[in-house]
Structure formats: structure tokens, C-alpha cells
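Secondary and tertiary structure notes
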Amino acid sequence: MSFLLGLTGSIGMGKSTTARMFAEEGCALWDADAAVHRLYAKGGAAVGPIREVFPEAVIDDAVSRDRLKMIIAQDETALARIEKIVHPLVARDRADFIHESTADIVVLDIPLLFETGGDKGMNAVACVTVSPELQRERVLARGTMSEAQFETIRAKQMPNDEKCRRADFVIETDTLEHAGQQVQDVVRQIRDRLKHA
Ligand SMILES: CC(C)(COP(=O)(O)OP(=O)(O)OC[C@H]1O[C@@H](n2cnc3c(N)ncnc32)[C@H](O)[C@@H]1O)[C@@H](O)C(=O)NCCC(=O)NCCS
Ligand SMILES: Nc1ncnc2c1ncn2[C@@H]1O[C@H](COP(=O)(O)OP(=O)(O)OP(=O)(O)O)[C@@H](O)[C@H]1O
């Protein structure tokens, strides 16, 4: 059984970038957002259940994220109803990945790890962090979200300092070089632990 390292952090804090650094160190990588993309795509397991609740969110047999964002902006109960459909499907995808993996360390990139109680199933948790100013700048620079959408998502997430307090490792994503050094250090510590276990 692989060592399960949860990787979390608030929106735009650098999870995906840091996750790729873990993959470069030989860890297997599972990405919750990528799982959601597969579930929403044509043939994905979320398409049918979403269509039943929000028929207007499905275009060409795939879930439209733009439509979902419009629905969420107009109806404050919508996100919770979407989550109720999506989260169990994501959990199944993750369990299958862990079951099939042969790597010594599996890194699970999960934005809502603490919010959904997923941290309990991990051997350790790493949290990425950066200043709120840089976070905002990075998210808005992507151009995929308005300021209001960013604030809605951020308000729903556990504050980042609390996530960092609860994590076993904190990785500061101020520069790529600094983050890379911290990733190597975390991997070294875990492999040392596995050697002596
Ligand atoms: C709201 C949606 C349509 C926005 O899509 P979009 O492509 O613009 O953004 P993306 O999915 O990359 O999300 C950006 C970031 O927002 C945060 N976020 C996304 N969904 C949620 C949520 N339900 N609660 C809190 N934060 C969230 C995460 O940090 C995520 O990484 C999409 O995120 C969605 O369908 N969310 C519901 C499913 C879900 O709960 N996903 C979270 C991972 S399991
Ligand atoms: N260590 C770093 N140094 C400099 N820039 C970084 C670093 N990590 C991430 N970034 C930049 O910050 C932005 C957000 O990073 P990334 O997409 O990895 O965040 P995320 O936490 O996965 O986002 P989300 O929660 O929205 O999915 C990107 O533009 C990325 O290039």
C-alpha cells in the first residue's frame, strides 16, 4: 500500500504546479479537479445526474462549466447540489486510482481536502500557501474567473492559515525554485520514514 500524501491549499495557491513537482520526484499523482473534468466530459459519469437536476447545464452531452458558473451565480443552493452529485463520484475515482497504484508515494491534489474530511484517509497532508495579494493576482491573471466568482469560491473555503495549521507540511509557493526545494525535502522525509518503518 502506497503512502498517501494529501496536497491541498486554497484556490490559486499553487497546488497544481506543486503537484507536478512531486510527480518529477517519482510520486504518483491523482488530481481531483482533473477527475471532475473527466466526469463532466462526454460519456462521464456526472453528465446524466447533472442533466436531471440542471438540464440547461448540459451541452452536446457534456457538462458546461460556463453554464454551471452562471447557475451558481443565480442560485445560492446550486453549488451544494452540484457537490452532492460530484463528490461521491470523485471519491470512487480516487479509490480506484489508489488501489491500482504501485508507487511508494501517491500524492492526492485535492482543493477541498479538509472541507470534505478527506484528510482523515491520508498518511500526511501538505498545504501550499502564498500571500492573499499574490493569490488574488494569480487567480485573476488566469482570466477564467471574475473577481466576484473568485470571492464566492474563496469565501466557501477554509481559511488558508487554518489549513496550514492542520497540515503536516507547509510549502510556500512564492517562487518556483523555493517550492521545488521544499517538495524535495518533503519527499526525502517521507522516504526516510518508509525506510525505517
Ligand atoms: C464551479 C465550477 C463550475 C468552476 O469551474 P472552473 O473551471 O471555472 O474552475 P475550477 O474547477 O478549475 O475551480 C477552481 C478552483 O475553485 C475551487 N473550487 C471549485 N469548486 C469548489 C467548491 N465546490 N467549493 C469550494 N471551492 C471550489 C477549487 O480550489 C478549484 O481548484 C467547478 O469548479 C465545479 O463544477 N465545481 C463543483 C465540483 C467540485 O466540488 N469541485 C471541487 C473539487 S472535488
Ligand atoms: N512556486 C511558484 N512560484 C511562482 N508562481 C507559481 C508557483 N506556484 C504556482 N505559481 C503560479 O500561480 C498560479 C496558480 O497556480 P496553480 O494553478 O498551480 O494553483 P492551484 O492551487 O492549482 O489553483 P486552483 O486551486 O485554482 O486550481 C499559476 O499561474 C502558477 O504559474
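Refer to the structure presented above.
The structure reproduced in this document is the subject of the present report. (Residues numbered from 1 in each chain as written. Chains lettered and ligands numbered in written order. Predicted model: local features only at pLDDT ≥ 70, side-chain atom pairs only at ≥ 80, totals over all residues. Heavy atoms only, no water.)

**Points about the site of ligand 1**
By nearness alone, 18 residues border ligand 1, and Tyr 40, Arg 65, Lys 69, Glu 83 and His 87 come closest of all. The contact in question runs from an oxygen atom of ligand 1 to an N or O atom on the side chain of His 87, over 2.8 Å. Here an oxygen atom of ligand 1 sits 3.0 Å away from a polar atom, N or O, in the side chain of Gln 157. Burial of ligand 1 by the protein chains amounts to 90% of its free accessible area of 780 Å². Considering only residue class, the shell around ligand 1 consists of eleven nonpolar, two polar and five charged. (Near = heavy atom within 4 Å. Polar contact = N/O pair within 3.5 Å; in protein donor to acceptor, adjacent residues only side chain to side chain. Areas by Shrake-Rupley, 256 points an atom, 1.4 Å probe, with all protein chains shown as cover. Nonpolar A, V, L, I, M, F, W, Y, C, P; charged D, E, K, R; others polar.)

**Focus: the packing of helix α1 (residues 15-24) against helix α9 (residues 176-195)**
With their axes 10 Å apart at the nearest point, α1 and α9 run at an angle of 50° to one another. Considered as vectors, α1 and α9 are oriented oblique to each other. In terms of crossing hand, the pair formed by α1 and α9 is right-handed. Contacts between α1 and α9 involve Thr 17, Thr 18, Met 21 and Phe 22 on the former and, on the latter, Leu 176, Ala 179, Gly 180, Val 183, Val 186 and Val 187. (Axes fitted to C-alpha atoms, helices over the stretch in contact; angles between N-to-C directions. Helix = DSSP H or I, 4+ residues; strand = E, 2+ residues; numbered from the N terminus. Parallel < 35°, antiparallel > 145°, perpendicular 65-115°, else oblique. Left-handed = near helix turned anticlockwise from the far one by under 90°. Contact = heavy atoms within 4.5 Å.)

**Looking at the site of ligand 2**
Taken together, 16 residues lie around ligand 2, and Lys 15, Ser 16, Thr 17, Arg 138 and Arg 142 are the ones closest in. Lys 15 places a side-chain nitrogen or oxygen 2.7 Å from an oxygen atom of ligand 2. Sorting elements by how many residues they give to the shell around ligand 2 places α1 first, with three residues. Each residue belonging to the shell around ligand 2 can be placed in one class, and the counts come to four nonpolar, seven polar and five charged.

**Describing the pairing of strand β6 (residues 124-129)**
Within β6, six of the six residues are buried, leaving the element largely enclosed by the surrounding structure. Residues Ala 124, Ala 126 and Val 128 point to one face of β6 and Val 125, Cys 127 and Thr 129 to the other, with burial holding for every one of them. As defined by bridge partners, strand β1 (residues 3-8) adjoins β6 across four bridges and the pair is classed as parallel. Looking at β6, one finds that Leu 7 is bridged to Ala 126. By the bridge criterion, four bridges tie β6 to strand β7 (residues 169-172) in an arrangement that is parallel. Residue Val 128 lies in a different strand from β7, and its bridge partner there is Ile 171. (Buried < 20%, exposed > 50% of the residue type's maximum accessible area, 1.4 Å probe, protein only. Pairing = 2+ DSSP bridges.)

These results come straight from atomic positions and should not be treated as a statement about function.
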